[in-house]
Amino acid sequence: TWMYPINIPSSYFSNVNFRDANLSRINFCSCSFVACDFRGANFGANLEGAYLIDIDFRGTDLSSARLYHATCIRVNFQGTNVNL
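Report follows, based on the coordinates. What you see is a predicted model, and the numbers here were worked out from it, not measured in a lab. (Residues numbered from 1 in each chain as written. Predicted model: local features only at pLDDT ≥ 70, side-chain atom pairs only at ≥ 80, totals over all residues. Heavy atoms only, no water.)

**Here's the deal with the sheet that holds strand E4 (residues 32-34)**
At step 1: Taken together, four strands build an open sheet; the order of strands is E2-E4-E6-E8 and the sheet is parallel. One side of each edge strand has no neighbouring strand; the edge strands of this open sheet are strand E2 (12-14) and strand E8 (71-73). With direction set aside, neighbouring strand axes in the sheet form an average angle of 5°.
At step 2: Relative to strand E6 (residues 51-53), E4 is paired through three bridges, and the arrangement is parallel. Looking across to E6, one finds that Phe 33 is bridged to Leu 52. (Pairing = 2+ DSSP bridges. Helix = DSSP H or I, 4+ residues; strand = E, 2+ residues; numbered from the N terminus. Axes fitted to C-alpha atoms, helices over the stretch in contact; angles between N-to-C directions.)

Written out as structure tokens, the structure is:
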């Protein structure tokens, strides 16, 4: 089962640098991210129903992230390990 000790649902993030951050086990369900940098982040977060616009995920391991029903617009997944 997925356990999320940090819950930040339905929040808005714009121009935030999450680069190399530990984002494992965070609930970002239905959040909006605009022009954010996630390069190299440790990603095991819940992004179900999230809006991802102008996002940089280059080289990030998203294999354990939950991306169900996420909307991706101009997202760079180059070199990313992801289960879509």
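**Quick look at the pattern of salt bridges**
At step 1: By the definition in use, this model includes five salt bridges.
At step 2: Note that Arg 58 is salt-bridged to Asp 56, the shortest N-O span being 2.6 Å.
At step 3: By sharing partners, the salt bridges in this structure join Asp 37, Arg 39, Asp 56 and Arg 58 into a single network. (Salt bridge = Lys/Arg side-chain N within 4 Å of Asp/Glu carboxyl O.)

**Quick notes on the pairing of strand E5 (residues 42-46)**
At step 1: When you tally the buried positions in E5, you get four out of five residues, the bulk of the element.
At step 2: Pairing of strand E3 (residues 22-27) with E5, which is carried by four bridges, proceeds in the parallel orientation. Residue pairing in the sheet places Ser 24 in a bridge with Gly 44 of E5. (Buried < 20%, exposed > 50% of the residue type's maximum accessible area, 1.4 Å probe, protein only.)

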